[in-house]
Amino acid sequence: MLDAEFFLRWMNALARAVDREAARLTELDAAIGDADHGTNMRRGFTAVAAALEKDAPDTPGAVLTLAGRRLISTVGGASGPLYGTLLRRAGKALGDEAGVSRAQLAEALRAGIAAVARLGGAKAGDKTMLDALEPAAAALDESFAAARAAAEDGAAATVPMLARKGRASYLGERSVGHRDPGAASSALLVGALEEAAR
Amino acid sequence: MRMLINVPETVVADGLRGLAAAHPGLNVDVENRLVVRGDAPVAGRVGLVSGGGSGHEPLHGGFVGVGMLSAACPGEVFTSPVPDQMARAAAAVDSGAGVLFVVKNYTGDVLNFDMAQELAEDEGVQVAKVLVDDDVAVRDSLYTAGRRGTGATLFVEKIAGAAAEEGAPLERVEAVARRVDERSRSFGVALSAVTTPARGTPTFDLPAGELELGIGIHGEPGRERRPMMTSREIADFTVEAVLDDLRPSSPVLALVNGMGATPLLELYGFGAEVHRVLAERGVPVARTLVGNYVTSLDMAGCSVTLCEADEEILRLWDAPVETPALRWGR
């Protein structure tokens, strides 16, 4: 069973990963966007870690809901509402159970991903975070390690894609050949999940 | 990197402290990132709230005041503000007559303003939204996030602000804002790339002797790159690009806008070329504004925005305005 402790470990591992990789995310964004993805994600997850430190919720759902709310009120840009919605909706889907199974987590993530797709109007293949998250959520039914590998493969698969959503879409053909920064940060999110499970 | 800053993390807050010091008539909340008219809420008047990433000064904080915005929400550099800011702004300026959000068409701005609308409506504030999307450099909007919001934001904010100041109800302020957006088109050119404080190096590599056509206002690369052109050639290209999309049958408002690092001498010279092309194309110009209004930090370059005016638009454009960056008629 995955308890609140597990979800706190996940969020803290993610905050560390985002902090470590912020410069790389910003570089990816500079190529096809406006060079602030790393800075924005770091600001958001630093705030998430501080909020969870101050007030550690005691259910998995509450951890994710609080994290999502903090992201929405600190990040801005597109990533604030998108990552905020992902975690908040996944948290809501988990309800107030004290422990959940990996299958329940996968189901909750799929609910969060569906909300992100609705909000951003994007689908797989548009060169967005969905290209990493969707395969990861599917592979999570198998194992945490499979989810991590699927997210990393999904992020790598955005390189040859033509961006259809977000700021990179303004580049048209010139967006081809660059990894999507949102897919790269989503791979960090799934990587941190696997780290928390180790 | 030569920047007049302390550390990148405090650039936005430091700028807001300076805005407050220079314009004591504004209520500047540095902590919550809000610039509000000192006399807000104004009884019986619709509140006009705009916002977006910082780095486009004087947009938006410089346009807060009598006859224009009631409040502005500056985000981090090139990053949209968060919903809490906009909801706070709406509460601060609502006199019961409702609030219009002016939103530039960028995914982040749209999503955050959508969430803010929900928050504000939960608090009982009536909110309408207008989306500014004037940039003709973005093609195939079916396959992109749609045309970007750039220079026309100034037209929308000035004209809707004048309508609100006159006491027009929310539906009318919203309708005139939408009409101004529908009748406005822009095109921008970069002569140098932009350097954000957080990154410290140019966001794209633009060698001397080349320019980038069809840029946005965030240092995102444009539509194509060409060898450097003269002011005359750039005016021909940009005005043609705008007129390809907008075929005005009445006199236009013209904004000849600098991106931040191009001197006024060059902008006025460019403005003369813009007038020449418009005259050649038989498009009369009703009013012209030249200056750095919708900027992109230290980017050199310019953009042209045209709005096909009508009688009401002209009257509202000429109405008195008193803000840090735009003032006339009072």
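Look up: the structure comes first, before these words.
Rules of the game
- Residues numbered from 1 in each chain as written.
- Chains lettered and ligands numbered in written order.
- Predicted model: local features only at pLDDT ≥ 70, side-chain atom pairs only at ≥ 80, totals over all residues.
- Heavy atoms only, no water.
- Helix = DSSP H or I, 4+ residues; strand = E, 2+ residues; numbered from the N terminus.
- Rg over C-alpha atoms; globule rule 2.2 N^0.38 Å.
- Buried < 20%, exposed > 50% of the residue type's maximum accessible area, 1.4 Å probe, protein only.
- Contact = heavy atoms within 4.5 Å.
- Areas by Shrake-Rupley, 256 points an atom, 1.4 Å probe, with all protein chains shown as cover.
- Lys, Arg positive; Asp, Glu negative; His and termini not counted.
- Charge placed at Lys NZ, Arg CZ, Asp CG, Glu CD.
- Salt bridge = Lys/Arg side-chain N within 4 Å of Asp/Glu carboxyl O.
- 1 Å grid on protein atoms, 1.4 Å probe; cavity = no way out; pocket = protein on both sides within 12 Å on 5 of 7 lines; lining within 4 Å.
- Points joined across faces, edges and corners; volume = space filled by probe spheres on them.
- Nonpolar A, V, L, I, M, F, W, Y, C, P; charged D, E, K, R; others polar.
- Buried area = accessible area lost by both parts, 1.4 Å probe.
- Polar contact = N/O pair within 3.5 Å; in protein donor to acceptor, adjacent residues only side chain to side chain.
- Core = buried A, V, L, I, M, F, W, Y, C linked by side-chain atoms within 4.5 Å.

(A) View of the overall build of chain A. What chain A contains, in helices and strands, is eight helices and two strands. Listing every helix and strand of chain A by position from the N terminus yields β-α-α-α-α-β-α-α-α-α. Over its C-alpha trace chain A gives a radius of gyration of 15 Å, about what one expects of a compact globule, namely 16 Å for 198 residues. Projected onto the principal axes, the alpha-carbon positions of chain A cover approximately 50 × 35 × 30 Å. Expressed as a percentage of the 198 residues in chain A, the buried residues total 60%. Contacts in chain A between residues far apart in sequence, at least 24 positions, make up 68% of those at least 6 positions apart. Of the roughly 7,400 Å² that chain A leaves accessible, carbon and sulfur atoms contribute 52%. Each charge class in chain A was averaged separately, 24 positive and 25 negative side chains, and the resulting centres sit 5 Å apart.

(B) Region of interest: the pattern of salt bridges. Applying the stated criterion across every chain, the model contains 36 salt bridges over all chains. The shortest N-O distance in the salt bridge between Asp126(A) and Lys123(A) comes to 3.5 Å. Accessibility expressed as a relative area gives 3% for Asp126(A), which makes it buried. One connected set of salt bridges, linked through shared partners, spans Arg172(B), Arg179(B), Arg183(B), Asp310(B) and Glu312(B).

(C) Expanded view of the layout of surface pockets. Approximately 760 Å³ is the volume found for the largest pocket. When contributions to the lining of the largest pocket are tallied by element, the ones reaching two or more residues are helix H1 (4–32), helix H2 (37–54), helix H4 (79–94), helix H5 (102–120) and helix H8 (181–197) of chain A together with helix H3 (107–122) of chain B. Here the residues of the lining of the largest pocket sort into 18 nonpolar, 14 polar and seven charged.

(D) Quick look at the environment of Asp19(A). Tracing the sequence through the fold places Asp19(A) in helix H1. Along the sequence, Asp19(A) and Gly80(A) sit 61 residues apart, while their C-alpha atoms lie 16 Å from each other.

(E) Focus on the interface of chain A and chain B. Contacts between chain A and chain B engage 29 residues on the former and 33 residues on the latter. Where chain A abuts chain B, roughly 2,400 Å² becomes buried across the two surfaces, and 57% of that area is made up of carbon and sulfur atoms. For the chain A face of the interface with chain B, the top three residues by lost area are Arg167(A), Tyr170(A) and Arg174(A), together amounting to 28%. Linking chain A to chain B there are two salt bridges. A salt bridge links Glu212(B) to Arg174(A), with the nearest nitrogen and oxygen atoms 3.0 Å apart. The interface formed by chain A and chain B contains nine residue pairs in polar contact (both at pLDDT 80 or more).

(F) Expanded view of empty space enclosed by the protein. All names here are of chain B. A complete count under the given rule lists three cavities of 30 Å³ or more for this structure. In this structure, the largest cavity spans a volume of roughly 100 Å³. Of all the elements, helix H4 (residues 152–165) adds the most residues to the lining of the largest cavity, at three residues. In terms of residue count, strand E7 (residues 184–190) provides more of the lining of the second largest cavity than any other element does, three residues in total. In terms of residue class, the lining of the second largest cavity is built from five nonpolar, six polar and one charged.

(G) How the structure looks around the environment of Val176(B). Residues and elements named next belong to chain B. Here Val-176 lies in helix H5 (residues 170–182). Under the relative-accessibility criterion, Val-176 is labelled buried at 2%. In this structure, the C-alpha to C-alpha distance between Val-176 and Asp-205, residues 29 residues apart in sequence, is 40 Å. Not counting residues up to four positions away in its chain, the partners in contact with Val-176 are Ile-159, Ala-160, Ala-163, Glu-312 and Leu-316.

(H) Spotlight on the side chain of Thr262(B). Residue and element names in this part refer to chain B. Summarising the element assignment, Thr-262 is placed in the loop between strand E10 (252–258) and helix H7 (264–280). Judged by its relative accessible area of 8%, Thr-262 is buried. At a separation of 2.8 Å, a polar atom in the side chain of Thr-262 contacts the main-chain amide nitrogen of Gly-301. Beyond its immediate chain neighbours, meaning those up to four positions away, Thr-262 contacts Leu-191, Leu-267, Asn-292, Met-299, Ala-300 and Gly-301.

(I) Structural detail: the nonpolar core. Core analysis: the biggest nonpolar cluster contains 61 residues, and Leu100(B), Phe155(B), Ile159(B) and Val173(B) have the highest contact counts within it. Per-element tally for this core: the top contributor is H4(B), with nine residues. When residues no more than four places from it in sequence are discounted, the contact partners of Leu100(B) are Val46(B), Gly47(B), Leu48(B), Val49(B), Ala128(B), Lys129(B), Val130(B), Ala160(B), Leu170(B), Val173(B), Glu174(B) and Ala177(B). Of all hydrophobic cores here, the second largest spans 59 residues; its members include Leu14(A), Leu94(A), Leu105(A) and Leu133(A).

(J) The arrangement of the environment of Gln126(B) in detail. Residue and element names in this part refer to chain B. Tracing the chain through its elements places Gln-126 in the loop between H3 and strand E6 (127–132). The class of Gln-126 is partly exposed, set by a relative accessible area of 49%. Separated by 80 residues in sequence, Gln-126 and Val-46 place their C-alpha atoms 9.9 Å apart. Setting aside residues up to four positions removed in sequence, Gln-126 forms contacts with Gly-98, Val-99 and Leu-170.

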